[in-house]
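Chain and residue survey
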Amino acid sequence: MKRSELIMGMPITVEIVGSDKPEKTISRIFEYFRSVDRRFSTYKSTSEISKINRGLLREDWSDEMRRVLDLCEQTKRETNGYFDIRTPNGLLDPSGLVKGWSIQNAAEMTLKSGCEDFYIEAGGDIQVHGKNSDGEEWKIGIRNPFDSEEIVKTLQLTNAGIATSGTYIRGQHIYNPHTYGSQIDDVKSLTVIGPNIFDADRFATATFAMGVEGVNFIEALPGFEAYMIHSDKIATMTSGFERYVW
């Protein structure tokens, strides 16, 4: 069973294979994503993160919010400051971590429900587990940032997360926090494969902010691979990326 909804300002798709009653699990997953949106959306004045940006004291934060913001701080340390949720105007925007974190939580919910074969995607970031409806590993395409109708690489994945950061859809929304105000113009897209979508997503965001050096950061990160498309239409990949290419 496969279903899509527009939540958190982006399309979210859940596909569950080989389960007798997937409807209940899928409904729970979408309700979970709606609860994440209610808490973490910077576009909703009633969300907890919006209240924090208006001065809500830490002692009044939810445990979930504290956990996410602590993970953001941890990621900042792990990426030498390239992952920074504080915007130039001083507000907090944890969306660079929340998407992958929420997909990972949804995947864990799916596994706990007894479903082993599934695909969960939110805004292009994906967690897959088990096999697809053909009994094969899941096929994931990387789009050409210069032509969204073209797939430049098709990958074969299972029990893994894959996330892509880039400027070709949303424009310049990721910046180097060490040089605020300067655009990242040497990279068009960066795709990261990791053992789970939480780590793949947060590191994709941080390494895109590093520019062309981001692929070297992933190369040195055990268990991760990356595929970078430069602004001059040249691609660079990490040493183990080819094993995922279908």
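For the structure, see preceding data.
Read on for a plain summary of the structure. (Residues numbered from 1 in each chain as written. Predicted model: local features only at pLDDT ≥ 70, side-chain atom pairs only at ≥ 80, totals over all residues. Heavy atoms only, no water.)

A short note on the packing of helix α1 (residues 22-40) against helix α4 (residues 95-112)
Their axes nearest at 10 Å, the elements α1 and α4 cross at an angle of 155°. Taken together, the axis directions place α1 and α4 in an arrangement best described as roughly antiparallel. At the point where α1 passes α4, the crossing takes the right-handed sense. Of the residues in α4, those in contact with T25, R28, I29, Y32, F33, V36 and F40 of α1 are V98, W101, S102, I103, N105, A106, M109 and T110. Grouping the constituent residues of the contact of α1 with α4 by class yields 10 nonpolar, 4 polar and 1 charged. (Axes fitted to C-alpha atoms, helices over the stretch in contact; angles between N-to-C directions. Helix = DSSP H or I, 4+ residues; strand = E, 2+ residues; numbered from the N terminus. Parallel < 35°, antiparallel > 145°, perpendicular 65-115°, else oblique. Left-handed = near helix turned anticlockwise from the far one by under 90°. Contact = heavy atoms within 4.5 Å. Nonpolar A, V, L, I, M, F, W, Y, C, P; charged D, E, K, R; others polar.)

Overview of the pattern of salt bridges
Summed over the entire model, instances satisfying the criterion amount to 14 salt bridges. We note a salt bridge from E78 to R202, for which the minimum N-O separation is 2.7 Å. You can see E78 sitting in helix α3 (residues 63-78) and its partner R202 sitting in helix α5 (residues 197-209), a full 124 residues away along the chain. Three or more residues are tied together by salt bridges with common partners; here these are R3, E5, E31, R34 and R38. (Salt bridge = Lys/Arg side-chain N within 4 Å of Asp/Glu carboxyl O.)

Examining the environment of S41
Considering the arrangement of structural elements, one finds S41 in the loop between α1 and α2 (48-53). Along the backbone, S41 and G166 are 125 residues apart, and their C-alpha atoms lie at a distance of 21 Å. In contact with S41, other than residues within four places in its own chain, are V36, S47, I49 and S50. Looking at S41, its side chain comes within polar contact range of the main-chain nitrogen of K44, at 3.4 Å. (Polar contact = N/O pair within 3.5 Å; in protein donor to acceptor, adjacent residues only side chain to side chain.)

A word on the pairing of strand β9 (residues 225-230)
The side chains of a regular strand alternate between the sheet's two faces. Buried residues dominate β9, accounting for 6 of its 6 residues. Where β9 and strand β10 (residues 235-237) come together, 3 bridges link them in antiparallel fashion. The residue of β10 that forms the bridge with M228 is T236. (Buried < 20%, exposed > 50% of the residue type's maximum accessible area, 1.4 Å probe, protein only. Pairing = 2+ DSSP bridges.)

Thoughts on α5
One turn of the α-helix equals 3.6 residues, which is why residues spaced by three or four share an orientation. Spanning 13 residues, α5 covers 18 Å between terminal C-alpha atoms, matching the ideal 18 Å at 1.5 Å per step. Buried residues dominate α5, accounting for 13 of its 13 residues. Near the N-terminus of α5, the side chain that reaches the backbone nitrogen of F198, with its oxygen 3.2 Å away, is that of N196. (Expected span 1.5 Å × (residues − 1).)

Quick look at the pairing of strand β5 (residues 138-144)
Where β5 lies against strand β6 (residues 147-157), 7 bridges are found, and the strand directions are antiparallel. Across the sheet, the residue bridging to K139 is Q156, located in β6. Here β5 hands over to β6 after 2 residues, the two strands then running antiparallel side by side.

Points about the side chain of T110
Summarising the element assignment, T110 is placed in helix α4. Here the side chain of T110 touches A106 through a polar contact of 2.8 Å, landing on its backbone oxygen. Once you skip the residues sitting within four places of it in the chain, T110 turns out to touch I16, T25, I29, C115, F118 and I120.

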